[in-house]
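# Survey of secondary and tertiary structure
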Amino acid sequence: MCGIAGYIGKKTIGNKVINNLFSLMDNRGPDYKNCRQFISRSGESINLFHSRLSIIDLKKGSNQPYEFKNYILIFNGEIYNYIELRKILKKKGAIFKTESDTEVLIQAYHYFGIKFLDLIEGMWSFAIYDKKKCKLILSRDRFGEKPLYYVNLSDGFYFGSEINYLKCLISNSLKPRVEDIKNFLSLGYKSIEKFNLTFFEKLKKVQPSNYLVYEKNKIINKKYWNLKYKPNY
């Protein structure tokens, strides 16, 4: 249960905010915390944050943000078939430095592109930033076991696996959505998923079985999987 968060935009995220963010992320990933900050080729401030709960490959080489070629990955979850995928990737010429599912995930994206989502099995929310194309990809697993929120404001694009992370990065400027609170109190917890409640204005969720592309201040949402229900009566 790692924690991920990020920001792409005009402003600089200072050390005080980073320290506060990592304090919030401690419950998700107490083993290691790190961030990657740089200016992109398009002139944007790129900020990727990760807190790790070490489960697969406990060595430092598997810490995140994880970089491979033009890509940077922050990842929460577990890829169940990473050993099988590793064998497939090796046949394509992939060379691995770790035993982690993290490295398998990023190399699968390198070799297969976005179609790699059809190959992976597990639970996840992840962000991959392509430094060459200045493009961010967010995704959630097929049934939405791992959370991922985002908001696009005038000063940039924010995302994270908890709403508190976004509030920290935005300086608590998210406004409550009263209608969501009413629905929750009157209809119960099932209304959260049924009506995609987030309880804050402009705040959205990456939907299960979906991936999101953020590029040139534009957001594209696409569905990569649909449940095929064909009962045999």
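Residues numbered from 1 in each chain as written. Predicted model: local features only at pLDDT ≥ 70, side-chain atom pairs only at ≥ 80, totals over all residues. Heavy atoms only, no water.

## Looking at the packing of aromatic side chains
One pass over the structure, following the stated rule, counts 12 aromatic pairs. An angle of 70 degrees between the planes, with centres 5.6 Å apart, marks the rings of Tyr109 and Phe116 as edge-to-face. Between Phe184 and Phe199, the aromatic rings sit 5.7 Å apart at their centres with planes inclined by 90 degrees, giving edge-to-face as the arrangement. Of the two residues, Phe184 sits in helix H5 (residues 178-187) while Phe199 sits in the loop between helix H6 (190-194) and strand E10 (204-205), which places them 15 residues apart along the sequence. A connected cluster of aromatic rings, assembled from ring pairs, spans Tyr71, Tyr109, Phe116 and Phe126. Stacked on the ring of Tyr7, the Lys or Arg Lys11 has its end atom at 5.6 Å from the ring centre. Here Arg86 stacks its cationic end above the ring of Phe96, 4.5 Å away from the centre of that ring. (Phe/Tyr/Trp six-rings, centres within 6.5 Å; stacked < 30°, edge-to-face > 60°. Helix = DSSP H or I, 4+ residues; strand = E, 2+ residues; numbered from the N terminus. Lys NZ or Arg CZ within 6 Å of the ring centre and 35° of its normal.)

## Brief notes about the state of the cysteines
Counted by the stated rule, this structure contains 0 disulfides. Unpaired in this structure, Cys134 has its nearest cysteine sulfur neighbour in Cys35, at a distance of 19 Å. (Disulfide = S-S within 2.5 Å.)

## Points about the pairing of strand E8 (residues 149-153)
Put simply, side chains in a regular strand alternate between the two faces of the sheet. Counting buried positions along E8 gives 4 out of 5 residues, so the element sits mostly inside the fold. As consecutive antiparallel partners, E8 and strand E9 (residues 156-160) are separated by 2 residues. Bridge count between E8 and E10: 2 bridges; the pairing is antiparallel. Bridge pairing links Tyr149 to Lys205 in E10. (Buried < 20%, exposed > 50% of the residue type's maximum accessible area, 1.4 Å probe, protein only. Pairing = 2+ DSSP bridges.)

## Comments concerning helix H4 (residues 163-170)
In terms of residue burial, H4 counts as a mostly covered element, since 6 of its 8 residues are buried. Those residues of H4 not exposed but buried are Ile163, Tyr165, Leu166, Cys168, Leu169 and Ile170. Those residues of H4 hidden inside the fold are in contact with strand E1 (3-9), helix H1 (15-25), strand E3 (45-52), E8 and E9. Once H4 finishes, Ser171 follows within two positions and takes phi at roughly 70 degrees, a positive value. (Contact = heavy atoms within 4.5 Å.)

## Notes on the packing of H1 against H4
Contact geometry for H1 and H4: axes closest at 9 Å, N-to-C directions at 170 degrees. When the interaxial angle is binned, H1 and H4 end up roughly antiparallel. In contact with Val17, Asn20, Leu21, Leu24 and Met25 of H1, H4 contributes Asn164, Tyr165, Cys168 and Leu169. Residue classes in the contact of H1 with H4 are distributed as 7 nonpolar, 2 polar and no charged. (Axes fitted to C-alpha atoms, helices over the stretch in contact; angles between N-to-C directions. Parallel < 35°, antiparallel > 145°, perpendicular 65-115°, else oblique. Nonpolar A, V, L, I, M, F, W, Y, C, P; charged D, E, K, R; others polar.)

## Looking at the sheet that holds strand E5 (residues 71-79)
Taking strand neighbours across the sheet as the criterion, the 6 strands line up as E4-E5-E6-E7-E11-E12 in an open arrangement whose pairing is antiparallel. Every other strand in the sheet has two partners, leaving strand E4 (66-68) and strand E12 (218-223) as the edge strands with one partner each. Here the average twist between neighbouring strands, direction ignored, is 20 degrees. Pairing geometry for strand E7 (residues 135-140) and strand E11 (residues 210-215), over 5 bridges, is antiparallel. Across the sheet, residue Ile137 finds its bridge partner in E11, namely Val213. Along the sheet, helix H3 (residues 101-112) makes contact with E4, E5, strand E6 (122-130) and E7, crossing E5 at roughly 125 degrees.

## A look at the side chain of Glu44
Here Glu44 lies in the loop between strand E2 (32-39) and E3. Reaching out from Glu44, the side chain makes a polar contact with the side chain of Ser42 at a distance of 3.3 Å. If we ignore the near neighbours within four places in the chain, the residues touching Glu44 are Ile8, Gly9, Phe38, Ile39 and Tyr214. (Polar contact = N/O pair within 3.5 Å; in protein donor to acceptor, adjacent residues only side chain to side chain.)

## Section: the packing of helix H2 (residues 82-91) against H3
Contact geometry for H2 and H3: axes closest at 10 Å, N-to-C directions at 45 degrees. Relative to H3, the element H2 is oriented oblique. For the pair H2 and H3, the sense of crossing is left-handed. Along the contact surface, H2 presents Tyr82, Leu85, Arg86, Ile88 and Leu89, while H3 presents Asp101, Val104, Gln107, Ala108, Tyr111 and Phe112. (Left-handed = near helix turned anticlockwise from the far one by under 90°.)

## Considerations on the confidence of the model for the protein chain
For the protein chain, the mean per-residue pLDDT works out to 94, and 100% of the residues sit at or above 70. For the protein chain, H6 is the element with the lowest average pLDDT, namely 86, and E7 is the one with the highest, namely 98. (pLDDT = per-residue confidence, 0-100.)

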